[in-house]
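This is what each chain is made of:
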Amino acid sequence: DRIKSNDQITIIDAVDFMEDLVQLNPPFSPLIIDAIFGIGLTKPATGSYSQLIDYINSLNGFVISVDVPSGLFIDTHTPLENITIFAHKVYTFQFP
């Protein structure tokens, strides 16, 4: 099953699931961990990825992104029309 859930956490481990995702309709403001894309993104999110980012932004949850908010370019300007995650916090990792 692509969606695993209990009363407190839902884990989604696939991308082609928009119909399943919309049915979840959480009754609370969720904590969302965004790790869809990393720092190597060089083109706009499209298709299911774009739909997922739009859905996450509509949830009114607290969003934590890993490395960089998905959809945001790091090495170049991100056009304003590109869809990106609106993260509340961003955590990145580095080794010594």
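Residues numbered from 1 in each chain as written. Predicted model: local features only at pLDDT ≥ 70, side-chain atom pairs only at ≥ 80, totals over all residues. Heavy atoms only, no water.

Examining the pairing of strand S3 (residues 31-34)
Note the following rule: Accessibility here uses a 1.4 Å probe with only protein chains present; expressed as a share of the type maximum, an area under 20% marks a residue as buried, one over 50% as exposed, and anything in between as partly exposed. Starting at the N terminus, helices and strands are each numbered in turn, a helix being any DSSP run of H or I of at least four residues and a strand any DSSP run of E of at least two. When DSSP finds at least two bridges between two strands, those strands are taken to pair. A right-handed crossover is one whose linking path, passing over the helix from the first strand to the second, runs clockwise when the strands point away from the viewer.
Residues of S3 alternate between two faces, with Ile 32 and Asp 34 buried on one and Leu 31 and Ile 33 left unburied on the opposite face. Where S3 and strand S4 (residues 62-66) come together, 4 bridges link them in parallel fashion. Bridge assignment links Ile 32 to a residue of S4, and that residue is Val 63. With helix H2 (residues 47-58) bridging S3 and the parallel S4, this β-α-β connection has right-handed handedness.

Some details on H2
Because each turn of an α-helix spans 3.6 residues, side chains separated by three or four positions in sequence point in the same direction. The condition is simple: Each residue after the first adds 1.5 Å to the expected span of a helix.
The end-to-end C-alpha separation of H2 is 17 Å, in line with the 16 Å expected for 12 residues at 1.5 Å each. Asn 60 sits one or two residues past H2 and shows a positive phi near 60°.

Details of the environment of Ile 53
Which entries qualify depends on this criterion: Between two residues, a contact is recorded if the distance between any of their heavy atoms is within 4.5 Å.
As for its position among the elements, Ile 53 is in helix H2. Along the chain, Ile 53 and Gly 71 lie 18 residues apart, while their C-alpha atoms are 8.1 Å from each other. If near-sequence neighbours (up to four positions away) are discounted, Ile 53 is found in contact with Ile 36, Phe 37, Ala 45, Ser 70, Ile 83, Thr 84 and Ile 85.

What about the environment of Asn 82?
The residue Asn 82 is located in the loop between S4 and strand S5 (89-91) in this model. On a C-alpha basis, the gap between Asn 82 and Leu 72 in space is 8.0 Å, while along the polypeptide they are 10 residues apart. When near neighbours in sequence (up to four residues on either side) are disregarded, Asn 82 contacts Pro 44 and Phe 73.

Regarding the side chain of Thr 84
Of note, Thr 84 is situated in the loop between S4 and S5. Excluding residues that lie within four positions of it along the chain, Thr 84 makes contacts with Ile 53, Asn 57, Ser 70, Gly 71, Leu 72 and Thr 78.

Some details on the sheet that holds S5
We apply this condition: To get an axis, a line is fitted to the C-alpha atoms, and for a helix only the part in contact is used. The angle between two axes follows their N-to-C directions and goes from 0 to 180 degrees.
The parallel open sheet is built from 3 strands, whose spatial order is S3-S4-S5. The open sheet has two edge strands, S3 and S5, and neither has a second partner. On average, each strand axis in the sheet is tilted by 20° relative to the strand beside it, whichever way the strands run.

A look at the side chain of Asp 34
This is how it is decided: Polar contact criterion, stated in full: a pair of N or O atoms within 3.5 Å, where within protein one must be able to donate a hydrogen and the other to accept it, and residues adjacent in sequence count only if both atoms are side-chain atoms.
Relative to the elements of secondary structure, Asp 34 occurs in strand S3. Looking at Asp 34, its side chain comes within polar contact range of the side chain of Ser 65, at 2.7 Å. If sequence neighbours within four positions are ignored, Asp 34 has contacts with Val 63, Ile 64, Ser 65, Val 66, Val 68, Pro 69, Ser 70 and Ile 85.

Everything listed here is a matter of geometry and, on its own, says nothing about what the molecule does.
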